[in-house]
Amino acid sequence: MSDVVISAAGLRKSFPLPHGLIDRISGKVPLAVHALNDVSFTLHRGETLGIVGESGCGKSTLARCLVRLHELDQGEIHFEGTDVASLSGPARRAFNRRVQMIFQDPYSSLNPRMTVRVILTEALSVHAMRPAVEIPARIAELLDLVRLPQDSADRYPHEFSGGQRQRIGIARALAVEPEILVADELVSALDVSVQAQVVNLLLDLQQRLDLTVLFVAHDLRLVRHISHRVAVMYLGKIVEIGPTEALFAASQHPYTRALLAAAPELDPSKRSRKIAAKGELPSPIHPPKGCLFNTRCPHAFDRCYAERPQLTDRSVGHQAACHLTNFDPKDSLK
Amino acid sequence: MSIALYRTASLPRPLIFGGAILAASLLLAIFPSVFAPYDPNAFDYAALLQGPSTAHLMGTDNFGRDVLSRVIHAYTIDMQIAVFATVFPFLIGTVIGALVGYVGGISETIFGRIVDAVITFPFLVLVIAIVSILGPGLLNMYIAVGVVGWVFYARIIAAEVKVQKRLDYADAGRAMGYTHMRIIFRHLLPNAITPAVVYWMTDMALAILLGSSLGYLGLGAQPPAAEWGVQIADGKNFMATAWWISVFPGLAIVLTGLGFSLTGDGLAEVLRTKK
């Protein structure tokens, strides 16, 4: 578990907004959406790290930066000790093979003009995973692995349901035998009943193939179910990270507590009307000074407006970025 | 769903009709002498300016040439114009458009200015200007149309590729470590090319019109070649007395144009991406 495969330090990424001629003439400062504001974490071999947060908190940007679909503005991602940004040519292709991504939208992530066989054959042959003669057998194996019927091979994506398409996406990623899977909102576009199938498939594959998984999602219960460790993101920054049970049982950041409190409770007697976080998510174009959460935090005090808290240790492997360090697990918001 | 299945199971009607017209046109273009009753360039001074009759179904012109035979022989040249005046713009425009749409940024700006420069001039005027410089004749006409025409295809493809490259499957290709060329030409282009193919069909109809217009103006096919535009020009002095010399080649243009347009419509239906 302690074998670090990916370590990310000080990741920053912003997307500039359109800055036209008139803006320039009238002297407006170019604006940018700050998607990642100093994100650091490590990913250990064989573990599942869940990344949770509201829409727009930078989860997907983080996932895309990890597989180099976006280039970072600042910070470094090291994969087995090598700086990922320095890779090019065959080395980069090798990195792409070993770190694969599964996409959120099962409807747009598969090329509508390619059959499953063509999609898988391409992945297998470009990375020379198998000699040409063995490819059909390997495709049969992959379909088996993701529990799709063998006759799926010669069908087009539009002939499948969302859950099946997501499994084709998984098969495509697994075709190149990666070590790390980055799953960006893998099941959020699927029906609840299908979500369970796909998630359980992922868990099963992880065990059988010894995969390391970065699981990006906004569904807390799902993340709790599958992750060894969880990182909570808010406005492009990890505000709390730790072992799943410690984080859920004794969260050390007011935002995590707010998220947990906001998750709908099935038992009506436990329902609470207490508001854990007030207001709306601030604009990522103008993130607040000091602590990013200070506009919505019920505990905010002077220091929170002046100084941005960094991640500090709260217990073994459990870190939070908050000036307050004495959250009582019993003082739950629920 | 059932409608979609029904439509894929049987070909759309426009495609059937359009395809039939084009197949017949191609047959006439390849084997004109089999179908033409007379030699298209043979003068018959015994039968000048005769109206349609059983001997000459479309009548004869002022040299006694059989109009039907000339219309049939003109298929060879006019179908050739339809293909050669459009296939190079189509290919060049597709490649450039795909690259520009994918790369974006400065290449897109430069491309945009080229498009602006070309579409500022009316198409026909620009082509006539280039043909006048190069000299009349079919080859120079193909060159002139090629120089101008690729822009329209490139614009269509660039816009479509720009949409496609933002979809997750393009990102999936990049995350797979595929080369940009593979992503552009194997993944994006098949999803982006349909509107260009449909436009191509329309453009072939327009190319026949253009070829005929240039033939009429004396800048395209040269007399005595049998070409619809040349024929219409030949008949223009006899419009009041011998309408058949110009009208029948005109109808041939309409019919062939209809064939291309219907085929384009039908292809749009068949090639539509299923979601």
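Residues numbered from 1 in each chain as written. Chains lettered and ligands numbered in written order. Predicted model: local features only at pLDDT ≥ 70, side-chain atom pairs only at ≥ 80, totals over all residues. Heavy atoms only, no water.

**Some words on the overall build of chain B**
- When its secondary structure is counted, chain B shows 12 helices and 0 strands.
- Projected onto its principal axes, the C-alpha positions of chain B cover 75 × 50 × 30 Å.
- The 275 residues of chain B split such that 50% are buried.
- Taking as baseline every contact in chain B between residues at least 6 positions apart, the subset at least 24 positions apart corresponds to 72%.
- Carbon together with sulfur atoms contributes 72% to the accessible area of chain B, which is approximately 12,800 Å² in total.
- Between the centroid of the 16 positive side chains of chain B and the centroid of its 15 negative side chains there is a distance of 14 Å. (Helix = DSSP H or I, 4+ residues; strand = E, 2+ residues; numbered from the N terminus. Buried < 20%, exposed > 50% of the residue type's maximum accessible area, 1.4 Å probe, protein only. Contact = heavy atoms within 4.5 Å. Areas by Shrake-Rupley, 256 points an atom, 1.4 Å probe, with all protein chains shown as cover. Lys, Arg positive; Asp, Glu negative; His and termini not counted. Charge placed at Lys NZ, Arg CZ, Asp CG, Glu CD.)

**Examining the side chain of K59 of chain A**
All names here are of chain A.
- Positionally, K59 belongs in helix α2 (residues 59–66).
- On the basis of relative accessible area, K59 is assigned to the buried category, the value being 4%.
- Looking at K59, its side chain comes within polar contact range of the main-chain oxygen of E54, at 3.4 Å. (Polar contact = N/O pair within 3.5 Å; in protein donor to acceptor, adjacent residues only side chain to side chain.)

**Concerning the confidence of the model for chain B**
Residue and element names in this part refer to chain B.
- Residues of chain B with pLDDT of at least 70 account for 96%, and the chain-wide mean is 90.
- Mean pLDDT values for the elements of chain B range from 48 in helix α1 (residues 2–9) up to 95 in helix α4 (residues 67–103).
- Of the regions scoring below 50 in pLDDT, residues 1–7 engages in 2 contacts with residues more than four places distant in sequence or in other chains.
- Predicted complex metrics record ipTM = 0.85 and pTM = 0.84. (pLDDT = per-residue confidence, 0-100.)

**Let's talk about the sheet that holds strand β5 (residues 82–83) of chain A**
All names here are of chain A.
- Read from one edge to the other, the open sheet built from 4 strands follows the order β2-β1-β4-β5, with strand pairing classed as antiparallel. Two strands in the sheet have a free side with no partner beyond their single neighbour: β2 (32–44) and β5.
- Bridging between strand β1 (residues 4–16) and β2 involves 10 bridges; their strand directions are antiparallel. Across the sheet, S14 pairs through a bridge with H34, a residue of β2.
- Contacts from α2 reach β1, β2 and β4 (74–79) within the one sheet, and its direction differs from that of β2 by about 60 degrees. (Pairing = 2+ DSSP bridges. Axes fitted to C-alpha atoms, helices over the stretch in contact; angles between N-to-C directions.)

**Describing the pattern of salt bridges**
All names here are of chain A.
- Under the definition given, this model contains 31 salt bridges over all chains.
- The salt bridge partner of R45 is E179, with a shortest N-O separation of 3.8 Å. Of this pair, R45 sits in the loop between β2 and β3 (48–52) while E179 sits in the loop between α6 (162–175) and β7 (180–184); the two residues are 134 residues apart in sequence, bridging distant segments of the chain.
- We classify R45 as partly exposed; its relative accessible area is 28%.
- When salt bridges with common partners are traced through the structure, they connect D3, R45, E80, R98 and E179 into a single cluster. (Salt bridge = Lys/Arg side-chain N within 4 Å of Asp/Glu carboxyl O.)

**Some points on the interface of chain A and chain B**
- Residue-level contacts link 28 residues of chain A with 22 residues of chain B.
- Note on chain A versus chain B: buried area summed over both sides is about 2,100 Å², and carbon and sulfur give 55% of it.
- Area buried by chain A at its contact with chain B is led by R113, E122 and H158 of chain A, which between them contribute 28% of it.
- At the boundary of chain A and chain B, one finds 4 salt bridges.
- Between R64 of chain A and D168 of chain B there is a salt bridge, with the nearest N and O atoms lying 3.1 Å from each other.
- Elements with a minimum of two residues in the side of chain A that touches chain B: α3 (89–98), β6 (99–102), α4 (116–126) and α6 of chain A.
- Of the residues contributing to the side of chain A that touches chain B, the split by class is 13 nonpolar, 8 polar and 7 charged. (Buried area = accessible area lost by both parts, 1.4 Å probe. Nonpolar A, V, L, I, M, F, W, Y, C, P; charged D, E, K, R; others polar.)

**Comments concerning the pairing of strand β10 (residues 237–243) of chain A**
All names here are of chain A.
- Of all 7 residues in β10, 6 are buried, a share of seventy percent or more.
- Bridge count between strand β9 (residues 229–234) and β10: 6 bridges; the pairing is antiparallel. When the bridges of β10 are listed, V230 appears paired with G242.
- Connecting β9 to the next strand, β10, in antiparallel fashion are 2 residues, including L235 with a positive phi near 50 degrees.
- Two elements, β10 and strand β12 (residues 318–320), share 2 bridges in a ladder whose sense is antiparallel. Bridging from a neighbouring strand, E240 pairs with A320 of β12.

**Digging into a nonpolar patch on the surface**
Residues and elements named next belong to chain B.
- The grouping of L26, L27, I30, F31, V34 and F35 at the surface amounts to a nonpolar patch, some 600 Å² of accessible area in total.
- No other element matches helix α2 (residues 13–30), which puts 3 residues into the nonpolar patch.
- Along the chain, the position of V34 falls in helix α3 (residues 32–35). (Patch = residues over 30% accessible without salt bridge, like charges linked within 9 Å, V, L, I, M, F, W, Y side chains within 5 Å.)

**Quick notes on the side chain of E122 of chain A**
- Tracing the sequence through the fold places E122 of chain A in helix α4.
- Residue E122 of chain A is classed as buried on the basis of its relative accessible area, which comes to 5%.

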